[in-house]
Amino acid sequence: MERPRQPQGPMSPYAAAVARVAQRVRSTCSRRGVCLGVTLVVLLPLVLATWGLAHHIYFDRSGVPDLEPFIRFELSRTGKVYDARGTVLVELAREYRQVVSYEEVPPVLRQAILAAEDKNFFTHSGVDYRVLPRVLYKAAMSSVGAWWTGKGFRLRLPQGGSTLTQQLVRGYFLRDRWSRENDVTLFRDNPTWRLLSVMVGVPTTNKLFRKLEEVRLALWLEEEMTNRFGSREQAKREIFARSASFNYLGNGRYGFAAGSQYYFGKPLSSYTMEDAGKAALLAGITKAPRDYLPVPGNARPLRRRNEILALMARNGDIPENLVQRLQAEPVLVAKATSPVKTQAPAAIDTVFDELRQRGAGRFGVEDLLQGRIVIHATVDQRMQTIVNEALETGLGHYEKRHPQAKGLIQGSVVVLRNADAAILAEAGGRYFYKNRYARYSDFNRATRALRQAGSAWKPMVYLAAFREGLELDTAVPDEPIAVPMGADRPVKWIANYDHEFKGPIPMRQALAESRNAVAVWITREIGLDRVIGTSQELGIRTPLQPYITTALGASEVRLLELASAYRAMASGILAEPYIIDRVTDASGEVLYEAARAALAFNSSHLNLIQEGLRGVVRIPKGTAHSLHGRDFPIPVMGKTGTTSDFRDALFVGSTYGPQGVTVAVRIGFDDNRTLGDKETGGRAALPIFREIMLLTYQQELVGSAPSFPREIEDGIDQYLQRQALDPGDSQVQDLNRNLTASPHHQGEQAR
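Residues numbered from 1 in each chain as written. Predicted model: local features only at pLDDT ≥ 70, side-chain atom pairs only at ≥ 80, totals over all residues. Heavy atoms only, no water.

Draft legend 1. Examining the overall build of the chain more closely. Helices and strands together make up the secondary structure of the chain, namely 27 helices and 22 strands. When each of the 751 residues of the chain is scored for burial, the buried share is 51%. Residue pairs in contact within the chain that sit at least 24 positions apart in sequence constitute 69% of those at least 6 positions apart. Surface summary for the chain: the accessible area is close to 36,600 Å², and the carbon and sulfur share equals 54%. (Helix = DSSP H or I, 4+ residues; strand = E, 2+ residues; numbered from the N terminus. Buried < 20%, exposed > 50% of the residue type's maximum accessible area, 1.4 Å probe, protein only. Contact = heavy atoms within 4.5 Å. Areas by Shrake-Rupley, 256 points an atom, 1.4 Å probe, with all protein chains shown as cover.)

Put into structure tokens, the structure is as follows:
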């Protein structure tokens, strides 16, 4: 009996269209054989497409990558800069990674990784088909949900479902494709891709085909690794180890070993079951490093950790009572440190600069960061330590005098080898500044800061004068002198530091006491161009101001240039400072070696400036006289420098000859504020120089301190003996003590 029809309302447009299609199919199939033909026409292309896809994934091995680099696991290596004795100064890399073997991953971390990412890793063949229904369900719900909220119907592929092998394949072999899949350009432009992109969109098409290639390569990789290592078990271990070394853990760290060291200060070898919480935190990062970094107080990594701990308990890896205790603990991490650890950040900055200059297209900074080259520097790590500590000590003494400057005062130091201008140590600033530690990328005040040299510039004036025929005992006027300041401006009267004038005095006394008026008078007599020419010959490369006040150090120069000029005066050798001794490739082949070009300084008057600068130390009223006595047995020459309004304090000095060293020190604020009244080079900078020289020679880092030639010391002795001083004057008593203590006098033991 025919069932009576129920009365119906008007059909929707969608229902009406479906009814019309159904009626057309019934009408077509009413004729014999036609329905079968239609079915074949519809299904055959689908069957062929499915077979082609399956063949490509499971059987086609054309176009697969070269497996050998993966077997060797060739990743970006760490670049190293060594000091002159083979000690590592710094390790640099684009990716800070530690490669580990399967055995080096502790069991508790293995269990956490498997629980979080791929619990069936050791049983599947690279693709876990058991998760396919879940992935399809999530894709359907995500796509329908987007359509329901008005975002349009597009196939949306969810995250997750990838095995460890697939994740490794994606990052190692398909990184470029993975990074570009959201572009609006198809990976491959052919009819199939274009047709699919019309239906689901270009990004989804790219992602779908990347996923399919990911599956194909995962299956291929597991097959090849099994063949290579002889068993599936060993192949799995090798893949697991590479995955554990490859994954990104945030903050520039790659691999779980590097991540553990960075976040917890803990090597993997020390992990026990009690560290399951740390293991779960690490395992949770790889899903989304931006979201799950272990940050105290952040609920997301805490929640992720606790989920993984629960999964580990469900898998029988850890007991339930331990899980409950660990889930109640807060996220704790070690104090974050700079990824670059070095005691010589300024030296590394100079290495970078020189590498760019010397590479000439053959090698560069990127090669160092990728570990393709090795740098052997001239720096001595032991001397660098002395420099760092001496600078901190000296700045600490200044801060005691000026507590308001604590943490703000800055300084820089350069140590050069006299023989060839090799940089033995370099500090571009204090190690801890404005509440943070310095890095190699911080501002290098030794090579980049342009600051006035003050009276440390005067030796250039005196050497130029000696080359024009003046002598150490030539009388020069220490009296008021005016310099023009330009049109429509009053002249400037030059004053000495003590605001006194002594009348005619020997040049050596004027240099030792740093008489400003004399320096200006000499420059006016011989011409500023001769002073500038002499300084350029000594190694000053910064353009100097063509004004008479340049004689007093008003022009700005770099500390490294100033150190090099003093080094030339101490040794008689012209050379450009350098810090890279040689560059080798990873196999040890030399790609570059410093030429060590050095020329003898063409000046028969060099001994005069050496004696003059030695007199700055030995003459009782010399500005560096504190360096001459029993408590400082090292014979040195040098000069203090103090700029206008006490903005900078300097001391540059050397031990004698090619076997000696030169040390330059500058103290000042970055904003060029005043250091304070009477904060001269002799007070603020000289003590740092003193400590560096003492420790360097006490530890015999550069051999024994060379003595000055007999004629230089005798010349100073004769000058001192000629001085008509009152026998009761304290200067005479000081003079007699110093003459008695001088190590070059007959019958006295050298110290």
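Draft legend 2. Summary view of the side chain of Lys-639. Secondary-structure assignment places Lys-639 in strand β20 (residues 637-642). At 2.9 Å, the side chain of Lys-639 forms a polar contact with the side chain of Ser-514. (Polar contact = N/O pair within 3.5 Å; in protein donor to acceptor, adjacent residues only side chain to side chain.)

Draft legend 3. Up close: the sheet that holds strand β5 (residues 373-377). Taking strand neighbours across the sheet as the criterion, the five strands line up as β2-β1-β5-β17-β18 in an open arrangement whose pairing is mixed. Each of the sheet's edge strands pairs with one partner strand only, and the pair in question is β2 (88-92) and β18 (590-593). Ignoring which end each strand starts from, the neighbouring axes of this sheet average 15 degrees apart. Pairing between strand β1 (residues 79-82) and β5: three bridges, direction parallel. When the sheet's bridge partners are listed, Val-81 is paired in β5 with Ile-375. (Pairing = 2+ DSSP bridges. Axes fitted to C-alpha atoms, helices over the stretch in contact; angles between N-to-C directions.)

Draft legend 4. A look at the pairing of β2. Pairing of β1 with β2 involves four bridges; the strand directions are antiparallel. The residue bridging Val-81 from the neighbouring strand is Val-90, located in β2. Where β1 folds back on β2, the antiparallel hairpin that results is connected by five residues, among which Gly-86 adopts a positive phi of roughly 90 degrees.

Draft legend 5. The arrangement of helix α19 (residues 458-467) in detail. Most of α19 is tucked away: nine of the 10 residues are buried. Immediately downstream of α19, the backbone of Gly-469 shows phi near 110 degrees, a positive value.

Draft legend 6. How the structure looks around the pattern of salt bridges. The final tally for this structure, using the stated rule, is 44 salt bridges. The closest approach of N and O atoms between Arg-430 and Glu-399, which form a salt bridge, is 2.8 Å. A residue pair is termed long-range when its members are at least 10 positions apart, and Arg-430 in the loop between β7 (423-427) and β8 (432-433) and Glu-399 in helix α18 (residues 381-401) qualify at 31 residues. For the residue pair Arg-430 and Glu-399, the accessibility class agrees, reading buried in each case. The partner of Arg-582 in a salt bridge is Asp-581, with the nearest N and O atoms 3.3 Å apart. Using a relative accessible area of 14% as the deciding quantity, one classes Asp-581 as buried. In the salt-bridge network here, residues are joined through shared partners; they are Asp-349, Asp-353, Arg-356 and Arg-448. (Salt bridge = Lys/Arg side-chain N within 4 Å of Asp/Glu carboxyl O.)

Draft legend 7. Broad picture of the packing of aromatic side chains. Counting across every chain of the model gives 17 aromatic pairs. Seen from their ring centres, Phe-70 and Phe-73 are 6.3 Å apart, and the 90 degrees between their planes marks the pair as edge-to-face. Judged by centre distance (6.3 Å) and plane angle (15 degrees), the ring pair of Phe-73 and Tyr-172 falls under stacked. Of the two residues, Phe-73 sits in the loop between α3 (68-72) and β1 while Tyr-172 sits in helix α6 (residues 164-172), which places them 99 residues apart along the sequence. (Phe/Tyr/Trp six-rings, centres within 6.5 Å; stacked < 30°, edge-to-face > 60°.)

Draft legend 8. Summary view of the packing of helix α4 (residues 107-117) against helix α12 (residues 276-285). As a packed pair, α4 and α12 sit with axes 8 Å apart at the nearest point and diverge in direction by 40 degrees. Compared by their axis directions, α4 and α12 come out oblique. α12 is crossed by α4, and the crossing has right-handed handedness. For the pair formed by α4 and α12, the contact residues are Val-108, Leu-109, Ala-112, Ile-113, Ala-116 and Glu-117 on the first element and Ala-276, Ala-279, Ala-280, Leu-282 and Ala-283 on the second. (Parallel < 35°, antiparallel > 145°, perpendicular 65-115°, else oblique. Left-handed = near helix turned anticlockwise from the far one by under 90°.)

Draft legend 9. Expanded view of the packing of α4 against helix α14 (residues 299-314). Put simply, α4 and α14 touch, their axes get as near as 9 Å, and they point 100 degrees apart. Here α4 is positioned roughly perpendicular relative to α14, judged by the angle of their axes. Residues Val-108, Gln-111, Ala-112, Ala-115, Ala-116 and Glu-117 of α4 touch α14, and the partners they reach there are Arg-304, Ile-308, Leu-311 and Met-312. Among the residues forming the contact of α4 with α14, the class breakdown is seven nonpolar, one polar and two charged. (Nonpolar A, V, L, I, M, F, W, Y, C, P; charged D, E, K, R; others polar.)

Draft legend 10. Layout of a nonpolar patch on the surface. The grouping of Tyr-58, Phe-59 and Tyr-129 at the surface amounts to a nonpolar patch, some 330 Å² of accessible area in total. Along the chain, Tyr-129 falls in the loop between α4 and α5 (132-148). (Patch = residues over 30% accessible without salt bridge, like charges linked within 9 Å, V, L, I, M, F, W, Y side chains within 5 Å.)

Draft legend 11. Examining the nonpolar core more closely. Formed by 124 residues in total, the largest nonpolar core has its most connected members in Val-413, Trp-457, Tyr-462 and Ile-667. Leave out the neighbours within four places in its chain, and Val-413 touches Val-387, Leu-391, Ala-425, Glu-426, Ala-427, Ala-446, Leu-559, Val-663, Ala-664, Val-665, Ile-688 and Ile-692. Counting residues in hydrophobic clusters, the runner-up holds 62 residues, among them Phe-70, Ala-116, Phe-121 and Ala-280. (Core = buried A, V, L, I, M, F, W, Y, C linked by side-chain atoms within 4.5 Å.)

Draft legend 12. Up close: helix α16 (residues 345-359). Taking 1.5 Å of rise per residue, 15 residues should cover 21 Å, and α16 covers 21 Å from first to last C-alpha, within 8% of that figure. Of all 15 residues making up α16, 11 are buried, and the element is well covered by its neighbours. (Expected span 1.5 Å × (residues − 1).)

Draft legend 13. Layout of the sheet that holds β20. Across the sheet, which stays open at both edges, the five strands sit in the order β7-β6-β22-β21-β20 with antiparallel pairing between neighbours. Across the chains shown, the open sheet's two edge strands, defined by having one partner strand only, are β7 and β20. If you compare each strand with its neighbour and ignore which way they point, the axes differ by 5 degrees on average. Judged from the seven bridges that link them, strand β21 (residues 648-654) and strand β22 (residues 661-668) form a sheet pairing that is antiparallel.

Draft legend 14. Representation of unusual backbone geometry within the structure. Non-glycine residue Ala-421 carries a positive phi angle of around 70 degrees. For Ala-421, the position within the fold is in the loop between β6 (410-417) and β7. The backbone of Glu-700 shows a phi angle near 55 degrees, a positive value even though the residue is not glycine. Tracing the chain through its elements places Glu-700 in the loop between α25 (681-698) and α26 (710-722).

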